[in-house]
Amino acid sequence: MAIQPKSYDVCIAGFGPVGAVLAALLGAQGRSVVVLERDQGPFPLPRAAHIDGETMRTFQALGIVEDVEPHVRPAPAYQFVSANADILIDVPAGEVGADGWFTHYMIYQPGIEKALRQRCAALPNVELRLGSRLSGLMDDGDGVTVTYNGPGGAEESLHAALLVGCDGASSLVRSLVNIELDDYGFDEPWLVLDVAVDDDSRVPAQCYQYCDPRRPVTYTPMGPGRNRWEFMILPHETPEAMMEEAAVARLLAPWGGLDGLHVERRAVYHFHGLIAREWRRGRVLLAGDSAHQMPPFAGQGMCSGIRDAANLAWKIAAALNGGPFDILLESYEQERAPHARGIVEMAIAAGRAVCTLDFDAARARDERARQDRLNGVAPPALQLPPLGKSPLLGSGHSAGQHFPQFIGPDGSRLDDVLGQGPWLIEHRGTGEPKVCVGQIGIDHPALAPFADDLSAWFDQNRASGAVLVRPDRVIFDTGTPGALWSAWTERVESPARHEVS
Ligand SMILES: Cc1cc2nc3c(=O)[nH]c(=O)nc-3n(C[C@H](O)[C@H](O)[C@H](O)COP(=O)(O)OP(=O)(O)OC[C@H]3O[C@@H](n4cnc5c(N)ncnc54)[C@H](O)[C@@H]3O)c2cc1C
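Keep in mind that this is a model prediction, so the values were computed, not measured.

Caption draft 1: Highlighting the side chain of His-427. Relative to the helices and strands, His-427 resides in the loop between strand S20 (423-426) and strand S21 (439-441). With a relative accessible area of 13%, His-427 lands in the buried category.

As structure tokens, this is what we get:
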């Protein structure tokens, strides 16, 4: 008798930051998860240096903020300067924003990945198979049989109700299900250096984008004691030559050369703008860099992938709990693809402005920026596009927005008090009977530290009855508690419930 392969709810291919967040979110919801990762350790080359407050909020939901904090610092001011050192754009240091965290942080990605990996390792229903390379898949309509080569090289297989390809830019999962990429035609080679600095006082304390057509350069402090330089490789240069020690020393000469600067990791990347034409094929889904890649000028590649994971995790859990399978899973691409596409386009627009090598074009760009500053035009804030429409979002004007995380006078945070969600927060005085276990009035003692902020939110949003917030902290809709709850249950059937006592 043939031995049946072991079966799981979800197989995740790839244990980068996106696969790890998805595994941790699903594992926390009690789903059985297996993660296949071809390498033993995290990716060794320099990558993300920035995350936003929404990402920190997801880390909070995972319970890893304490482990992440040593590797992040609130983002300092960010200036774009011309070849003549004129300030073109001056973005002030971030403040605490609507997610209850600073709007921007500089990070050391390996520290973050370590915290994520530890979280997954602590979850009994998440099985990590490191050194295991996915090699094939077969979707039989009820699930996916996945083949992979384990650490010894032998071919093995497993079965999962769903497979999520979090296997990065060169995703094999994406190729195996024949999903093509739309290419924005952006392709710029940059040398990226991660540098440990002996003495922080000898390097700038804020972020700079040097918009010099002789060589565009990005400089950012990352986590404490670590800094990032990125140098555009010019058309007459080769990546190999630019990786050499002498070239690196020459490039770092304006900051005092290699003395006291220790280049820990170096890599040449071609910055691209690509997006998958489909994010789901049957029982196979894509998330993170396998679904979208963008140049790092907006610092949003990993943030976008983590947003994918937050959007997808609760939908997978609801679908596997007997919810309307196709509606739930299709809503993932419906909501996330337009959002990611908007960010890819924004990052490319920033990249085209920064990567200008033509002197006349650079002068014209600088003059426009100078005029904007003189006329008091505010620097462009990172405006994230809205989520796309889906049946998992209502029609009210705040549906699809992130519900704010208020911080009480005692430092308590709304998400910690309310837990996973969904939440049905009722405005004081609606007098509706309680319709679900997750329903809570803003006069409930647990919400006392946030009552004023919540009240103000209801007033500003002209939301008189209640607001229903999904587990990914996105507003489903506002309305009367009864109508909201029946609309929600109709669409997800058996959502996770949470009661605050
Ligand atoms: C220079 C640079 C700067 C950046 N800066 C930022 C920034 O400031 N902010 C930001 O948000 N983003 C930034 N990014 C983007 C960010 O690093 C990526 O978006 C993010 O790492 C993608 O995560 P992921 O988990 O989707 O993919 P990856 O991190 O690529 O992980 C994919 C994983 O899948 C594994 N894998 C691949 N194939 C298989 C297989 N067949 N079987 C099993 N495992 C497999 C790989 O080994 C890898 O571990 C930057 C990127 C670069 C290059």
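Still to come is the rest of the account.
Caption draft 2: Structural detail: the sheet that holds strand S14 (residues 217-221). Taken in spatial order, the eight strands of this open sheet run S6-S5-S13-S14-S15-S12-S16-S19, and their pairing is mixed. At either end of the open sheet lies a strand with only one pairing partner, and these are strand S6 (87-91) and strand S19 (292-293). Where strand S5 (residues 78-82) lies against strand S13 (residues 207-211), five bridges are found, and the strand directions are parallel. Pairing of Phe-80 across the sheet is with Gln-209, part of S13. Contacts from helix H10 (residues 359-374) reach S5, S6 and S13, with the element oriented near 50 degrees to S6.

Caption draft 3: Main features of the nonpolar core. With 85 residues, the main nonpolar core has Ile-12, Leu-22, Phe-59, Leu-163 and Val-164 as its most contacted residues. Examining the composition of this core, we find that 11 residues originate from one element, helix H8 (residues 301-320), more than from any other. When sequence neighbours within four positions are dropped, the list of residues in contact with Val-164 reads Val-10, Cys-11, Ile-12, Ala-13, Leu-22, Leu-285, Ala-287, Leu-312 and Ile-316. Residues Phe-186, Val-192, Met-294 and Ala-347 belong to the second largest nonpolar core, which totals 20 residues.

Caption draft 4: Broad picture of unusual backbone geometry. Here the amide bond leading from Gly-421 into Pro-422 is cis, since omega sits at 10 degrees, within 30 degrees of zero. Positive phi values are uncommon outside glycine, yet Arg-473 reaches one of about 70 degrees. Along the chain, Arg-473 turns up in the loop between strand S22 (466-469) and strand S23 (475-479).

Caption draft 5: Broad picture of the confidence of the model for the protein. On average, residues of the protein score 92 in pLDDT, and 96% of them reach the 70 mark or higher. Taken as a whole, residues 495-501 scores under 50 in pLDDT and shows 24 contacts with residues more than four places along the chain or in a different chain. Across the whole predicted complex the pTM is 0.94, and at the interface the ipTM reaches 0.99.

Caption draft 6: Just the pattern of salt bridges, in detail. Within this structure, the stated rule accounts for 30 salt bridges. Among the ionic pairs, Arg-373 bridges to Asp-90, the shortest N-O distance being 3.9 Å. Of this pair, Arg-373 sits in helix H10 while Asp-90 sits in strand S6; the two residues are 283 residues apart in sequence, bridging distant segments of the chain. Judged by relative accessible area, which is 41%, Arg-373 ranks as partly exposed. Judged by its relative accessible area of 30%, Asp-90 falls in the partly exposed class. Between Arg-473 and Asp-415 there is a salt bridge whose closest N-O contact spans 3.2 Å. Highlighted residues: Arg-473 in the loop between S22 and S23 and Asp-415 in helix H11 (residues 414-418), separated in sequence by 58 residues. Of the two residues, Arg-473 and Asp-415, neither departs from the other in class, the shared state being buried.

Caption draft 7: Quick look at the site of the ligand. Within the structure, the ligand sits among 31 residues, and Glu-37, Arg-47, His-50, Asp-289 and Met-302 are positioned closest to it. Within the side chain of Asp-289, one N or O atom sits 2.7 Å away from an oxygen atom of the ligand. Between the ligand and Cys-303, the relevant distance is 3.0 Å, taken from an oxygen atom to a main-chain nitrogen or oxygen of the residue. Expressed as a share of its isolated accessible area of 1000 Å², the protein-covered part of the ligand is 93%.

Caption draft 8: Seen up close, helix H7 (residues 245-252). Among the residues making up H7, those that are buried are Ala-247, Val-248, Leu-251 and Leu-252. Mapping the buried residues of H7 onto a view down its axis gives an arc of 130 degrees, with all of them on the same face. Facing away from the buried surface of H7 by more than 90 degrees, the exposed residues are Ala-246 and Arg-250. Buried residues in H7 make contact with strand S12 (181-197), strand S15 (226-232), helix H6 (239-243) and strand S16 (261-276).

Caption draft 9: View of the pairing of strand S1 (residues 7-13). For S1, the buried fraction is high: six of the seven residues fall into the buried class. Two strands pair when backbone bridges link them, and S1 and strand S11 (residues 155-165) are joined in this way by six bridges, in the parallel orientation. Bridging from a neighbouring strand, Cys-11 pairs with Leu-163 of S11. Note: S1 against strand S2 (residues 33-37), four bridges, orientation parallel. Bridge pairing links Ile-12 to Val-35 in S2. One crossover worth recording links S1 to the parallel S2 by way of helix H1 (residues 17-28), and it is right-handed.

Caption draft 10: Layout of the sheet that holds S21. Taking strand neighbours across the sheet as the criterion, the four strands line up as S21-S20-S22-S23 in an open arrangement whose pairing is mixed. Either end of the sheet is taken by a strand with one partner, and the two such strands are S21 and S23. On average, adjacent strands in this sheet sit at an angle of 20 degrees to one another, irrespective of strand direction. The sheet contact formed by S22 and S23 spans four bridges and is antiparallel. Within S23, the residue paired with Ala-466 across the bridge is Gly-479.

Caption draft 11: View of the side chain of Gln-209. Structurally, Gln-209 is set in strand S13. When its relative accessible area of 1% is taken as the criterion, Gln-209 is described as buried. Look past the residues within four positions of Gln-209 in its chain and what remains in contact with it is Tyr-78, Gln-79, Phe-80, Val-81, Trp-190, Val-217, Thr-218, Phe-297 and Val-354.

Caption draft 12: Focus on the packing of helix H2 (residues 53-62) against H8. Packing of H2 against H8 leaves a shortest axis separation of 10 Å and a crossing angle of 45 degrees. Taken together, the axis directions place H2 and H8 in an arrangement best described as oblique. In terms of crossing hand, the pair formed by H2 and H8 is left-handed. Where H2 abuts H8, its residues Glu-54, Thr-55, Thr-58 and Phe-59 lie against Cys-303, Ile-306, Arg-307 and Ala-310. Counted by class, the contact of H2 with H8 contains four nonpolar, two polar and two charged residues.

Analysis parameters
- Residues numbered from 1 in each chain as written.
- Predicted model: local features only at pLDDT ≥ 70, side-chain atom pairs only at ≥ 80, totals over all residues.
- Heavy atoms only, no water.
- Helix = DSSP H or I, 4+ residues; strand = E, 2+ residues; numbered from the N terminus.
- Buried < 20%, exposed > 50% of the residue type's maximum accessible area, 1.4 Å probe, protein only.
- Pairing = 2+ DSSP bridges.
- Contact = heavy atoms within 4.5 Å.
- Axes fitted to C-alpha atoms, helices over the stretch in contact; angles between N-to-C directions.
- Core = buried A, V, L, I, M, F, W, Y, C linked by side-chain atoms within 4.5 Å.
- pLDDT = per-residue confidence, 0-100.
- Salt bridge = Lys/Arg side-chain N within 4 Å of Asp/Glu carboxyl O.
- Near = heavy atom within 4 Å.
- Polar contact = N/O pair within 3.5 Å; in protein donor to acceptor, adjacent residues only side chain to side chain.
- Areas by Shrake-Rupley, 256 points an atom, 1.4 Å probe, with all protein chains shown as cover.
- Arc of directions from axis to C-beta.
- Right-handed = clockwise from strand over helix to strand, strands pointing away.
- Parallel < 35°, antiparallel > 145°, perpendicular 65-115°, else oblique.
- Left-handed = near helix turned anticlockwise from the far one by under 90°.
- Nonpolar A, V, L, I, M, F, W, Y, C, P; charged D, E, K, R; others polar.

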